[in-house]
Amino acid sequence: DVKVTQSSRYLVKRTGEKVFLECVQDMDHENMFWYRQDPGLGLRLIYFSYDVKMKEKGDIPEGYSVSREKKERFSLILESASTNQTSMYLCASLSPNSDTEAFFGQGTRLTVV
Amino acid sequence: QKEVEQDPGPLSVPEGAIVSLNCTYSNSAFQYFMWYRQYSRKGPELLMYTYSSGNKEDGRFTAQVDKSSKYISLFIRDSQPSDSATYLCAMSSSRGSTLGRLYFGRGTQLTVWP
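I will try to describe carefully the structure that is included in this document. (Residues numbered from 1 in each chain as written. Chains lettered and ligands numbered in written order. Predicted model: local features only at pLDDT ≥ 70, side-chain atom pairs only at ≥ 80, totals over all residues. Heavy atoms only, no water.)

1. A word on the overall build of chain A
Scanning chain A from N- to C-terminus turns up zero helices and 11 strands. Counting from the amino terminus, helix and strand elements in chain A follow one another as β-β-β-β-β-β-β-β-β-β-β. Here the C-alpha atoms of chain A give a radius of gyration of 13 Å, agreeing with the 13 Å that 2.2 N^0.38 yields for 113 residues. With the C-alpha coordinates aligned to their principal axes, the bounding extent of chain A is approximately 40 × 25 × 25 Å. Burial analysis of chain A (113 residues in total) assigns 51% to the buried set. A separation threshold of at least 6 residues defines the contact pool for chain A, and within that pool the share at least 24 residues apart is 54%. Of the roughly 5400 Å² of accessible surface on chain A, 49% is carried by carbon and sulfur atoms. (Helix = DSSP H or I, 4+ residues; strand = E, 2+ residues; numbered from the N terminus. Rg over C-alpha atoms; globule rule 2.2 N^0.38 Å. Buried < 20%, exposed > 50% of the residue type's maximum accessible area, 1.4 Å probe, protein only. Contact = heavy atoms within 4.5 Å. Areas by Shrake-Rupley, 256 points an atom, 1.4 Å probe, with all protein chains shown as cover.)

Here's what the structure looks like:
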């Protein structure tokens, strides 16, 4: 079974802090994604990466950056956390050569106070 | 206009009912259509996957795609309380591309009461 593991289930951070959300997958998938999920807005793509050191902006990249130094790990960085970044963050991975589609982590519920 | 539209509900049905969940989309390039199920406080999990138009059945679940109308559906027969979850439709125009990404609907929250 593919496993996508997010480092934290719940986080509480203060406004202005730099926040790191980590995601690791164990199936050698090329593509990895970061989404945020908010009530009434659904899943919105923040950033994605299709290879090591490669990244592409999604639909809402402002206030975020990402890092992909190794194939299995994709990190989301909030440079200076703000209260409007309080959300559920979901990481996903995808192999373009697989019959199955994206696998998601359990999510990180981030609260910025 | 969002690429994918989905009524967020909530939808509440009695056990045993037939449930119909739907999405519409605007991008005619979409070829791959998926339904994800998300239980409370969990990440989404793939439920059904369909390529192009047609029907696909898996147990109590049937996925339908009508590309001419840009409309997809998920039917749940003999619904159970364990089916209570949020159902998200998703679609993409490419699977093998290195830039493959999914476009999600907002999700429909379903409750099946005993």
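2. Notes on the overall build of chain B
If you tally the helices and strands in chain B, you get zero helices and 11 strands. For chain B, whose C-alpha radius of gyration is 14 Å, the value lies close to the compact-globule estimate of 13 Å for 114 residues. Referenced to the eigenvectors of the C-alpha coordinate spread, the extents of chain B come out at roughly 45 × 30 × 25 Å. The buried share of chain B, reckoned over its 114 residues, is 43%. Long-range pairs, those at least 24 residues apart, make up 56% of the contacts in chain B with a sequence separation of at least 6. On chain B, roughly 5400 Å² of surface is accessible, and the fraction owed to carbon and sulfur atoms is 47%. Of the charged side chains in chain B, 12 are positive and 10 negative, and the gap between their average positions amounts to 7 Å. (Lys, Arg positive; Asp, Glu negative; His and termini not counted. Charge placed at Lys NZ, Arg CZ, Asp CG, Glu CD.)

3. Description of the pairing of strand 11 (residues 108-113) of chain B
The side chains of a regular strand alternate between the sheet's two faces. All names here are of chain B. Burial along strand 11 is one-sided: T108, L110 and V112 are buried, while Q109, T111 and W113, pointing the other way, are not. As defined by bridge partners, strand 2 (residues 11-14) adjoins strand 11 across four bridges and the pair is classed as parallel. Directly across from S12, in strand 11, lies its bridge partner T111. Judged from the three bridges that link them, strand 9 (residues 85-92) and strand 11 form a sheet pairing that is antiparallel. Each residue of the ladder has a partner; that of T86, found in strand 11, is Q109. (Pairing = 2+ DSSP bridges.)

4. A look at the interface of chain A and chain B
Of the residues lining the interface, 25 residues belong to chain A; the matching set on chain B comes to 20 residues. Carbon and sulfur atoms supply 53% of the area buried between chain A and chain B, which totals about 2000 Å² over both sides. Where chain A touches chain B, the interface holds zero salt bridges. Where chain A packs against chain B, one counts four residue pairs in polar contact (both at pLDDT 80 or more). Of all the elements in the fold, those that place two or more residues in the side of chain A that touches chain B are strand 4 (31-38), strand 5 (42-49) and strand 9 (87-94) of chain A. Tallied by class, residues from the side of chain A that touches chain B come to 13 nonpolar, seven polar and five charged. (Buried area = accessible area lost by both parts, 1.4 Å probe. Salt bridge = Lys/Arg side-chain N within 4 Å of Asp/Glu carboxyl O. Polar contact = N/O pair within 3.5 Å; in protein donor to acceptor, adjacent residues only side chain to side chain. Nonpolar A, V, L, I, M, F, W, Y, C, P; charged D, E, K, R; others polar.)

5. Some points on the environment of K56 of chain B
Residues and elements named next belong to chain B. As for its placement among the helices and strands, K56 is situated in strand 6 (residues 54-58). For the pair K56 and L74, spaced 18 residues apart in the sequence, the C-alpha separation amounts to 9.6 Å. If we ignore the near neighbours within four places in the chain, the residues touching K56 are M48, Y49, T50, F61, T62 and A63.

6. Structural notes on the packing of aromatic side chains
Applying the stated criterion across every chain, the model contains 13 aromatic pairs over all chains. Each ring, one from Y35 of chain A and one from F104 of chain B, has its centre 5.5 Å from the other, and the planes form 85°; the classification is edge-to-face. Residue Y35 of chain A is found in strand 4, and its partner F104 of chain B is found in strand 10 (residues 103-104); the two belong to separate chains. Both residues of the pair, Y35 of chain A and F104 of chain B, count as buried. Judged by centre distance (5.9 Å) and plane angle (70°), the ring pair of F104 of chain A and F104 of chain B falls under edge-to-face. Here the residue F104 of chain A occupies a position in strand 10 (residues 103-104), and F104 of chain B occupies one in strand 10, the pair thus bridging two chains. Neither residue differs from the other here; F104 of chain A and F104 of chain B are each classed as buried. (Phe/Tyr/Trp six-rings, centres within 6.5 Å; stacked < 30°, edge-to-face > 60°.)

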